[in-house]
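As a plain string of letters, each chain reads:
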Amino acid sequence: MTATLILGGIGVMAAVLLSVARRALANKEDANADTVVLAIDAVLPQSQCAQCGYPGCRPYAEAVAGGERLDLCPPGGSRVVAALEELLGRDANAEMSEPVDAVARIVEADCIGCALCIDACPVDAIAGASKYLHAVIPERCTGCELCIPACPVDCIDLVARSVEFTGPPAPANASALACIGCGRCEGACPVDLRPEVLHAAFETGATDTSVIDCIECSACTRACPSGIDLVGEFGVLKHRLQGERETTRRSAAARGHSEARNERLGRQAREQEAQRAERLRAPHQWQ
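Since the structure is predicted, the reported quantities are computational estimates derived from the model, not experimental observations. (Residues numbered from 1 in each chain as written. Predicted model: local features only at pLDDT ≥ 70, side-chain atom pairs only at ≥ 80, totals over all residues. Heavy atoms only, no water.)

**Focus on the overall build of the protein**
Inference 1: When helices and strands are tallied, the protein shows nine helices and four strands.
Inference 2: Going from N to C terminus, the protein has its helices and strands arranged as α-α-α-β-α-β-β-α-β-α-α-α-α.
Inference 3: Here the protein holds 287 residues, and 29% of them are scored as buried.
Inference 4: Pairs at least 24 apart in sequence give 59% of the contacts found in the protein among residues at least 6 apart.
Inference 5: Carbon together with sulfur atoms contributes 55% to the accessible area of the protein, which is approximately 17800 Å² in total. (Helix = DSSP H or I, 4+ residues; strand = E, 2+ residues; numbered from the N terminus. Buried < 20%, exposed > 50% of the residue type's maximum accessible area, 1.4 Å probe, protein only. Contact = heavy atoms within 4.5 Å. Areas by Shrake-Rupley, 256 points an atom, 1.4 Å probe, with all protein chains shown as cover.)

This is how it looks when you write it as structure tokens:
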């Protein structure tokens with residue numbers, strides 16, 4: 001009898017430990033999956049346009065984590081595809097055209113104030129009220145186009161966004177020669193930058209955050225034996241970096257507005273359901 005009880009106790013304990021281990025493993029796998037989804041979602045442009053076939057960027061990120069194609073995001077274009085390939089170690093095997101940065105515009109003379117575009121906007125980028133003229137908030141608009149089919153009078157169109165940080169044109173210096181890597185510009189820089197590296201970034205279309213420290217004293221330009229207008233190039237680099245930061249800021253803002261909108265809609269749905277349940281529980285007036 002004693003041996004039977006001992007063996008039974010051991011069996012119960014083993015079952016409990018196995019159950020605990022299984023739950024811990026499942027929680028760890030869920031945590032890892034959530035981390036991957038968050039990383040994918042951070043790469044997406046947060047336009048919430050549903051052009052990928054999913055209702056928003058987060059659902060598409062979850063689908064990509066589950067094996068969905070990487071080339072279904074038109075607003076992200078080849079940049080997003082390349083970032084997802086690097087992040088996930090998968091090849092998209094597809095080419096995408098570069099997206100056009102556009103913003104919605106409401107033709108005031110044709111707007112009837114129906115407010116249908118406001119409900120359709122996933123990032124609350126349209127201001128206005130029923131029977132009043134609406135307006136698009138350019139800083140919030142992601143150019144998702146969801147408001148266009150919602151408009152019954154076709155008074156909304158897309159126009160190219162007036163980018164604040166377009167920067168000056170590239171410096172033109174027909175007499176400049178190629179960089180010979182002599183290092184004179186680095187020795188002349190009073191703030192210890194590496195002008196050769198910044199010049200390479202300018203040539204390749206990349207950005208380098210260290211250019212922000214450039215005081216544009218022109219010492220490197222004067223020291224360059226090839227006659228390269230280095231300080232002019234660094235001005236372009238600064239504007240290019242500001243443009244990238246502005247794009248990142250708009251994406252983060254769009255994500256925040258979308259999450260706030262979804263939370264508000266969910267709260268309204270819960271309140272309506274609670275009110276409905278309360279009405280069903282209340283006695284009828286004629287009883």
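**Observations concerning unusual backbone geometry**
Inference 1: The phi dihedral of Gln 46 falls on the positive side, at around 60 degrees, and the residue is not glycine.
Inference 2: Note that Gln 46 resides in the loop between α1 (2-43) and α2 (57-65).
Inference 3: Overall, the relative accessible area of 1% leaves Gln 46 in the buried class.
Inference 4: The backbone of Ser 218 shows a phi angle near 75 degrees, a positive value even though the residue is not glycine.
Inference 5: Its location among the elements puts Ser 218 in the loop between α7 (195-204) and α8 (219-223).
Inference 6: Ser 218 sits in the partly exposed class, given a relative accessible area of 25%.

**Focus: the pattern of salt bridges**
Inference 1: What the rule picks out here adds up to eleven salt bridges.
Inference 2: Note that Arg 69 is salt-bridged to Asp 71, the shortest N-O span being 3.0 Å.
Inference 3: Exposure remark for Asp 71: the relative accessible area of 13% places this residue in the buried category.
Inference 4: Connected through salt bridges with shared partners, the residues Asp 124, Arg 261 and Arg 264 form a single ionic network. (Salt bridge = Lys/Arg side-chain N within 4 Å of Asp/Glu carboxyl O.)

**Considering the packing of α7 against helix α9 (residues 230-281)**
Inference 1: Axis separation between α7 and α9 bottoms out at 10 Å; the angle between their running directions is 60 degrees. Classed by the angle they form, the pair α7 and α9 counts as oblique. The element α7 and its partner α9 pack so that their crossing is left-handed. Two secondary-structure elements touch here, α7 through Pro 195, Leu 198, His 199, Ala 201, Phe 202 and Glu 203 and α9 through Leu 230, Glu 233, Phe 234, Val 236, Leu 237 and Arg 240.
Inference 2: Residue composition of the contact of α7 with α9, grouped by class: eight nonpolar, one polar and three charged. (Axes fitted to C-alpha atoms, helices over the stretch in contact; angles between N-to-C directions. Parallel < 35°, antiparallel > 145°, perpendicular 65-115°, else oblique. Left-handed = near helix turned anticlockwise from the far one by under 90°. Nonpolar A, V, L, I, M, F, W, Y, C, P; charged D, E, K, R; others polar.)

**Re the layout of surface pockets**
Inference 1: Within this model, the largest pocket holds a volume of roughly 1100 Å³.
Inference 2: Together, 39 residues line the largest pocket, and Pro 75, Pro 99, Asp 101, Thr 247 and Arg 250 are the ones closest to its centre.
Inference 3: Take the lining of the largest pocket: its biggest share by element is eleven residues, from α9.
Inference 4: Of the voids in this model, the second largest pocket is the one considered here, and its volume is about 250 Å³.
Inference 5: Mapped onto the lining of the second largest pocket, the elements with two or more residues apiece are α2 and α9.
Inference 6: In terms of residues, the lining of the second largest pocket owes the most to one element, α9, which gives five residues. (1 Å grid on protein atoms, 1.4 Å probe; cavity = no way out; pocket = protein on both sides within 12 Å on 5 of 7 lines; lining within 4 Å. Points joined across faces, edges and corners; volume = space filled by probe spheres on them.)

**Remarks on the nonpolar core**
Generally speaking, nonpolar side chains in soluble globular proteins are found buried as a group.
Inference 1: Leu 44, Tyr 60 and Leu 84 are the most contacted members of the largest nonpolar core, which totals 17 residues.
Inference 2: What Leu 84 contacts, discounting residues up to four positions off in sequence, is Ile 40, Val 43, Leu 44, Leu 70 and Gly 89. (Core = buried A, V, L, I, M, F, W, Y, C linked by side-chain atoms within 4.5 Å.)

**A word on the confidence of the model for the protein**
Inference 1: The pLDDT averaged across the protein works out to 82; a share of 82% of its residues lies at or above 70.
Inference 2: Within the protein, no element has a lower average pLDDT than α1, which sits at 65, and none a higher one than helix α5 (residues 147-150), at 93.
Inference 3: This model gives residues 163-168 a pLDDT under 50, and the stretch forms eight contacts once residues within four places in sequence are excluded. (pLDDT = per-residue confidence, 0-100.)

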